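# Commentary on secondary and tertiary structure
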Number of protein chains: 2
Amino acid sequence: MNVGELARTVDTKAETIRYYERIGLLPEPPRTSGNYRDYSARHVSRLSFIRRARDLGFSIEQIRVLLDLADQKEQSCAAVDAIARAHLADVKRKLADLTALRRELDSLIGQCRHGTVAECRILEALAP
Amino acid sequence: MNVGELARTVDTKAETIRYYERIGLLPEPPRTSGNYRDYSARHVSRLSFIRRARDLGFSIEQIRVLLDLADQKEQSCAAVDAIARAHLADVKRKLADLTALRRELDSLIGQCRHGTVAECRILEALAP
DNA sequence: TATAAACCTTGTAGCCACTACAGGGTCAAG
DNA sequence: CTTGACCCTGTAGTGGCTACAAGGTTTATA
């Protein structure tokens, strides 16, 4: 399976796959005689894991640790749990920030009287 | 007022102020005999506007347009309103995404049985 | 007056997670 | 045997800063 096929399989751009290889997140696959990357099922599942974790907003570094942990089957999963919880806390912080932001923007826009720029409440609210 | 004083006044790093100048968002101030930037009240208010808009999540490019519009006092403020609404729509999209994300992470973490990595539900949920 | 500390200057490189080329090589279909 | 769709590497760009390095200026103190 070459990079384009893998890309279609996991719905990821070929450039992104090569990027993951470059930063050491996805192991280098063997090459064909024509120097094409030749991926196996293990690559597919590792890349799927990465993409799923990225979709959930985990950082590359977090994913790196998660993949390492996944290989230590005997260990407790406390570290995995901790990473997930840290990420959840981060998401909650962002949600709170965005919620406050939406309220401010709502009020800003609600004040617009559709007049001239000179009497614009939105610009007024942004000005000092 | 030099760059450090301006930085303290508007609670922004000096590097950021110079960055705004470099990208043409904040006009170049005159210089003192020792080649120090010499800011006036106009700079303070322009930078305050920029920072307030950044805090509300407007992009640099949106702020550039807002500042341009603010100078055309006779024009209708429809364009200002449109930018604010577009940004609000963006914030709402992000809120929806983050809310879905939080739900997924909540459920992921809720499934953790605190056992070994081999039976970790979080890693299972991430795997394909 | 000397000097040290605290500023200022410019330019450049780094952050994150990609994305987009350019300039070449390979491969399958017709 | 040519065409076009892929692949390769390497580099540069994105946004919005942030962090140096290596020098110049100003201010406070000895």
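To keep things clear, this report deals only with the structure shown in the data block. (Residues numbered from 1 in each chain as written. Chains lettered and ligands numbered in written order. Predicted model: local features only at pLDDT ≥ 70, side-chain atom pairs only at ≥ 80, totals over all residues. Heavy atoms only, no water.)

## A few points about the relation of the copies chain A and chain B
- Relative to chain B, chain A is turned by 180° and slid 0.0 Å along the rotation axis, the superposed coordinates differing by an RMSD of 0.1 Å. This pairing of chains is accounted for by a two-fold axis. When C-alpha positions in chain A are compared against the rotation axis, the closest is assigned to Leu-95 of chain A, at 3.3 Å.
- Take the interface residues of chain A: 100% of them recur as interface residues in chain B, which is what a same-surface contact looks like. (Least-squares fit on C-alpha atoms with pLDDT ≥ 70 in both. Contact = heavy atoms within 4.5 Å.)

## Remarks on the protein's contact with DNA strand C
- Around DNA strand C there are 19 residues in total, and Tyr-20 and Arg-54 of chain A together with Gly-4, Arg-18 and Arg-37 of chain B lie nearest to it.
- Near the protein, within 4 Å, the atoms of DNA strand C are sugar or phosphate in 80% of cases.
- At 2.8 Å, a side-chain N or O of Tyr-20 of chain A approaches a phosphate oxygen of DNA strand C.
- A distance of 2.6 Å separates a phosphate oxygen of DNA strand C from a polar backbone atom of Gly-4 of chain B.
- For the surface near DNA strand C, the elements supplying multiple residues, two or more each, are α2 (14-22) and α3 (41-55) of chain A together with α1 (3-10) of chain B.
- Here the surface near DNA strand C gets four residues from one element, more than from any other, and that element is α2 of chain A.
- Residues that form the surface near DNA strand C fall into these classes: six nonpolar, six polar and seven charged. (Near = heavy atom within 4 Å. Polar contact = N/O pair within 3.5 Å; in protein donor to acceptor, adjacent residues only side chain to side chain. Helix = DSSP H or I, 4+ residues; strand = E, 2+ residues; numbered from the N terminus. Nonpolar A, V, L, I, M, F, W, Y, C, P; charged D, E, K, R; others polar.)

## Overview of the packing of helix α4 (residues 60-70) of chain B against helix α5 (residues 78-110) of chain B
Residue and element names in this part refer to chain B.
- At a minimum axis distance of 10 Å, the contact between α4 and α5 shows a crossing angle of 160°. Relative to α5, α4 is oriented roughly antiparallel. For the pair α4 and α5, the crossing hand works out as left-handed. Contacts from Gln-62, Val-65, Leu-66 and Leu-69 in α4 reach Ala-79, Val-80, Ile-83 and His-87 in α5. (Axes fitted to C-alpha atoms, helices over the stretch in contact; angles between N-to-C directions. Parallel < 35°, antiparallel > 145°, perpendicular 65-115°, else oblique. Left-handed = near helix turned anticlockwise from the far one by under 90°.)

## A word on the nonpolar core
- By size, the foremost hydrophobic cluster in this structure holds 82 residues, and its most contacted members are Phe-58 of chain A together with Phe-58 of chain B.
- Those residues within four positions of Phe-58 of chain B in sequence are excluded, and the remaining contacts are Leu-105 of chain A together with Ala-53, Ile-63, Leu-66, Ile-83, Ala-84 and His-87 of chain B. (Core = buried A, V, L, I, M, F, W, Y, C linked by side-chain atoms within 4.5 Å. Buried < 20%, exposed > 50% of the residue type's maximum accessible area, 1.4 Å probe, protein only.)

## Things to note about the protein's contact with DNA strand D
- Surrounding DNA strand D, one finds 20 residues, the nearest of these being Asn-2, Gly-4, Arg-18 and Arg-37 of chain A together with Arg-54 of chain B.
- In DNA strand D, the atoms that sit within 4 Å of the protein are 79% sugar and phosphate, with bases accounting for the remainder.
- One of the side-chain N or O atoms of Arg-31 of chain A is found 2.9 Å from a phosphate oxygen in DNA strand D.
- Residue assignment for the surface near DNA strand D shows that the elements contributing at least two residues are α1 (3-10) of chain A together with α2 (14-22) and α3 (41-55) of chain B.
- When residues of the surface near DNA strand D are assigned to their parent elements, the largest contribution, five residues, is made by α2 of chain B.
- Here the surface near DNA strand D is built from residues that sort into six nonpolar, six polar and eight charged.

## Some thoughts on the pattern of salt bridges
- Across all of its chains, the model carries twelve salt bridges over all chains by this definition.
- A salt bridge links Glu-61 of chain A to Arg-64 of chain A; its shortest N-O distance comes to 3.2 Å. On the criterion of helical spacing, the pair formed by Glu-61 of chain A and Arg-64 of chain A is a turn pair, its members being three residues apart in helix α4 (residues 60-70).
- A residue is classified by how much of its surface remains accessible, and Glu-61 of chain A, at 48% relative accessible area, is partly exposed.
- On the accessibility criterion, Arg-64 of chain A (26% relative accessible area) is partly exposed.
- We note a salt bridge from Arg-93 of chain B to Asp-90 of chain B, for which the minimum N-O separation is 2.8 Å. Residue Arg-93 of chain B and its partner Asp-90 of chain B are both found in helix α5; the two are separated by three residues, about one turn of the helix. (Salt bridge = Lys/Arg side-chain N within 4 Å of Asp/Glu carboxyl O.)

## Things to note about the interface of chain A and chain B
- If you look at the interface, chain A gives 49 residues, while chain B gives 50 residues.
- Of all residues in chain A, Ile-109, Val-117 and Leu-126 of chain A bury the most surface against chain B, accounting for 15% of the area lost on that side.
- Our count for the chain A to chain B interface comes out at two salt bridges.
- Counting across the interface, chain A meets chain B through ten residue pairs in polar contact (both at pLDDT 80 or more).
- Contributing elements (two or more residues each) for the side of chain A that touches chain B: α3, α4, α5 (78-110) and α6 (121-126) of chain A.
- When grouped by side-chain class, the residues that make up the side of chain A that touches chain B number 28 nonpolar, ten polar and eleven charged. (Buried area = accessible area lost by both parts, 1.4 Å probe.)

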